[in-house]
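Here are the chains, one letter per residue:
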Amino acid sequence: RHIIKCDLTCTSGETVLQGALDFRLHFVGVNGTKGHMVAKHGPKEYEGNELVACAREHYPMHYTWVKFMWCLEEHESLIPTNAKACAAKSGFDFSLLHKCATTHGASLVQKDFEFSAQQQVCSTHANTRN
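Rules used in this analysis
Per chain, the residues get numbers from 1 upward, laid out in the order the sequence is written. Only residues with pLDDT of 70 or above have their local features reported here, since the model is predicted, and side-chain atom pairs are shown and tallied only from 80 upward, although totals for entire chains, interfaces and linings are computed over all residues. Calculated side-chain values reflect all of the structure's heavy atoms, with hydrogen atoms and water omitted. To count as a disulfide, a pair of cysteine sulfur atoms needs to be within 2.5 Å. Helix and strand definitions here come from DSSP, where helices need a minimum of 4 consecutive H or I residues and strands a minimum of 2 consecutive E residues; each element is numbered from the N-terminal end. The buried label goes to any residue with under 20% of its type's maximum accessible area, the exposed label to any with over 50%, and the partly exposed label to all in between, with areas taken from a 1.4 Å probe on protein chains only. Here, nonpolar core means buried Ala, Val, Leu, Ile, Met, Phe, Trp, Tyr and Cys residues that are tied together by side-chain atoms lying within 4.5 Å of each other. In what follows, residue pairs with any heavy atoms lying within 4.5 Å of each other are defined as contacts.

1. Some words on the state of the cysteines
Moving on, step 1. Inspection of every chain in the model, using the stated rule, returns two disulfides.
Moving on, step 2. Covalent S-S linkage joins C54 and C100, the inter-sulfur distance amounting to 2.1 Å. Residues C54 and C100 are joined through a disulfide that is left-handed, its torsion about the S-S bond being -80 degrees. You can see C54 sitting in helix α1 (residues 43-58) and its partner C100 sitting in helix α4 (residues 94-118), a full 46 residues away along the chain. An identical accessibility class is assigned to C54 and C100; each is buried.
Moving on, step 3. Each sulfur in the disulfide pair C71 and C86 lies 2.1 Å from the other. Given an S-S torsion of about -75 degrees, the disulfide between C71 and C86 has left-handed geometry. A residue pair is termed long-range when its members are at least 10 positions apart, and C71 in helix α2 (residues 65-74) and C86 in helix α3 (residues 83-90) qualify at 15 residues. Comparing C71 with C86, the two get one shared label, buried.
Moving on, step 4. Should the bonded cysteines of the chain be numbered as they appear in the sequence, the pairing reads 1-4, 2-3.

2. So, the nonpolar core
Moving on, step 1. With 27 residues, the main nonpolar core has V52, F68, L72, F92 and L97 as its most contacted residues.
Moving on, step 2. Looking at this core, the elements with two or more residues in it are β5 (37-39), α1, α2, α3 and α4.
Moving on, step 3. When residues no more than four places from it in sequence are discounted, the contact partners of F92 are A55, Y59, T64, W65, F68, A87 and L97.

Now the structure itself:
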């Protein structure tokens, strides 16, 4: 059994994997009470999901949005307050991400939740979104 590690370069053991990688990330969560969507780790994670979904939508080329996601996750207790600094570090326009998150970030995340549910990926111990 081989473990594949991806750090913007994919390897299997000592071998660097060549070729195209079609990387797709989908968030896991559920529709909670009163129509509120629920992320596994609570409201801050949900806000981070909205921002990452918007980064994925606006910066899809060469998966550059992954750098933004990594930056957020580096200090996950600071999500979403670290989003502006992470956008700058990734060369992204934070105002664009913020506008996207507040206008249609929820619909992007809901699509991910639905896809994950269709794939039978589930979340447990979820907290409700405020």
